[in-house]
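Geometric and topological summary
The lines below spell out each chain.
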Amino acid sequence: MDRMHYTNGEDTNCRLCTRDPETHDHLFFTCRYSLQVWKYIQAKTHSRWPNLSWFSLVEWTSRRYQDTKSINNRIGALILAATVYYIWQERNRRIFQQLSQSVSTVGEAIFQVLRDQLMSNNGLSMADGTRAIWNIP
Ligand SMILES: [Zn+2]
């Protein structure tokens, strides 16, 4: 029902774990590979996500994101967007290039791209604790 479409129409199992059928919920949240990526990024950024389905999480984040005065909410929305994006990229890399990266490689790439984004955003004033987490001087 929530299966994704493949152009080759063959194997519809998830490319990240190769075990379960690929749905949005599976790919981004319940896949054992994606869960490891989330765990990595949560540990590294000291953030926490509610255990929700894909659609409620998107809704939850957009509601939260409306409070743009809160730096933590903005960072939370950035983390969600980047992590989902990188999981999607990793899935496509495996399908179209037959290449795969480890959880820590993907997790580190997410962290670095977010760090660059936070550093280049001069409008954000971060607390010392937040700077320490992101290794921003
Ligand atoms: Zn999977």
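This text follows the structure it describes.
Residues numbered from 1 in each chain as written. Predicted model: local features only at pLDDT ≥ 70, side-chain atom pairs only at ≥ 80, totals over all residues.

Notes on the nonpolar core
- The biggest cluster of nonpolar side chains holds 18 residues, and the ones touching the most others in it are Leu27, Cys31, Val37, Ile41, Ile79, Ile87 and Ile110.
- With 5 residues, the top contributor of residues to this core is helix H4 (residues 71–97).
- Excluding residues that lie within four positions of it along the chain, Leu27 makes contacts with Cys14, Glu22, Ser34, Ile87 and Arg91. (Core = buried A, V, L, I, M, F, W, Y, C linked by C-beta atoms within 7 Å. Buried ≥ 20, exposed ≤ 12 C-beta atoms within 10 Å, placed from the backbone. Helix = DSSP H or I, 4+ residues; strand = E, 2+ residues; numbered from the N terminus. Contact = placed C-beta atoms within 7 Å.)

Focus: the environment of Arg93
- With respect to the helices, strands and loops of the structure, Arg93 is situated in helix H4.
- Along the backbone, Arg93 and Arg15 are 78 residues apart, and their C-alpha atoms lie at a distance of 9.6 Å.
- The residues touching Arg93, leaving out its near neighbours within four places in the chain, are Leu99 and Ser100.

Observations concerning helix H2 (residues 32–45)
- With 14 residues, H2 should cover 20 Å at 1.5 Å per step; its first-to-last C-alpha distance of 20 Å lies within 8% of that length.
- Within H2, the full set of buried residues consists of Tyr33, Ser34, Val37, Trp38, Ile41 and Thr45. Seen from one end, H2 has its buried residues packed into an arc of 140 degrees, which puts them on one side. Exposed side of H2, more than 90 degrees from the buried face: Lys39 and Ala43 are the residues found there. (Expected span 1.5 Å × (residues − 1). Arc of directions from axis to C-beta.)

What to know about unusual backbone geometry
- The backbone phi angle of Thr18 is positive, close to 60 degrees, even though this residue is not glycine.
- The topology assignment puts Thr18 in the segment before helix H1 (24–30).
- Positive phi, close to 55 degrees, is recorded for His46, a residue that is not glycine.
- Within the fold, His46 resides in the loop between H2 and helix H3 (54–65).

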